[in-house]
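# Coordinates in review
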Amino acid sequence: MRLLLALLLPFTVFFTIGKPFQGLFCLLLQITLIGWIPAAIWAVYALSNWRTDQKLKKYQ
């Protein structure tokens, strides 16, 4: 579900993983159509890092 959000509304992913300041910056980037693609890539990357962090916390 978050992956779909990362592609359609990239800034919302940052709010769901607890990074509101990055979410606001991503929203500013997303406002332009040219910035939408980099914002989506950044959101997917941040989401994958968050999932990795969650798995590492589980094993510690």
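Thresholds applied
Residues numbered from 1 in each chain as written. Predicted model: local features only at pLDDT ≥ 70, side-chain atom pairs only at ≥ 80, totals over all residues. Heavy atoms only, no water. Helix = DSSP H or I, 4+ residues; strand = E, 2+ residues; numbered from the N terminus. Contact = heavy atoms within 4.5 Å. Expected span 1.5 Å × (residues − 1). Buried < 20%, exposed > 50% of the residue type's maximum accessible area, 1.4 Å probe, protein only. Core = buried A, V, L, I, M, F, W, Y, C linked by side-chain atoms within 4.5 Å. Phe/Tyr/Trp six-rings, centres within 6.5 Å; stacked < 30°, edge-to-face > 60°.

With that settled, the discussion passes to the environment of Q30. Mapped onto the fold, Q30 is located in helix α3 (residues 20-30). Ignoring any residue separated from it by four or fewer positions in sequence, one finds Q30 in contact with L8, L9, P10, F11, G35, W36 and A39.

Between the first and last C-alpha of helix α4 (residues 33-59) there are 40 Å, a value that for 27 residues agrees with the 39 Å anticipated at 1.5 Å per step. Residues G35, A39, A40, A43, A46 and L47 constitute the buried set of α4. Of the surrounding elements, those touching the buried residues of α4 are α1 (2-8), α2 (10-16) and α3.

Let's shift gears to the nonpolar core. Core analysis: the largest hydrophobic core is formed by ten residues, namely A6, F11, V13, F14, I17, C26, A39, A43, A46 and L47. Those elements that place two or more of their residues in this core are α2 and α4. Counting residues per element, this core draws most heavily on α4, at four residues. In this structure, L47 is in contact with R2, L3, V13 and I17, ignoring residues within four places of it in sequence.

Per the stated rule, a full pass over the model turns up three aromatic pairs. Measuring from ring centre to ring centre gives 6.3 Å for F11 and F15, while their planes differ by 85 degrees; the resulting arrangement is edge-to-face. Note that F11 and F15 are positioned in helix α2 at a spacing of four residues, about one turn of the helix. A relative accessible area of 41% places F15 in the partly exposed class.

So yeah, pure geometry; function would need other evidence.
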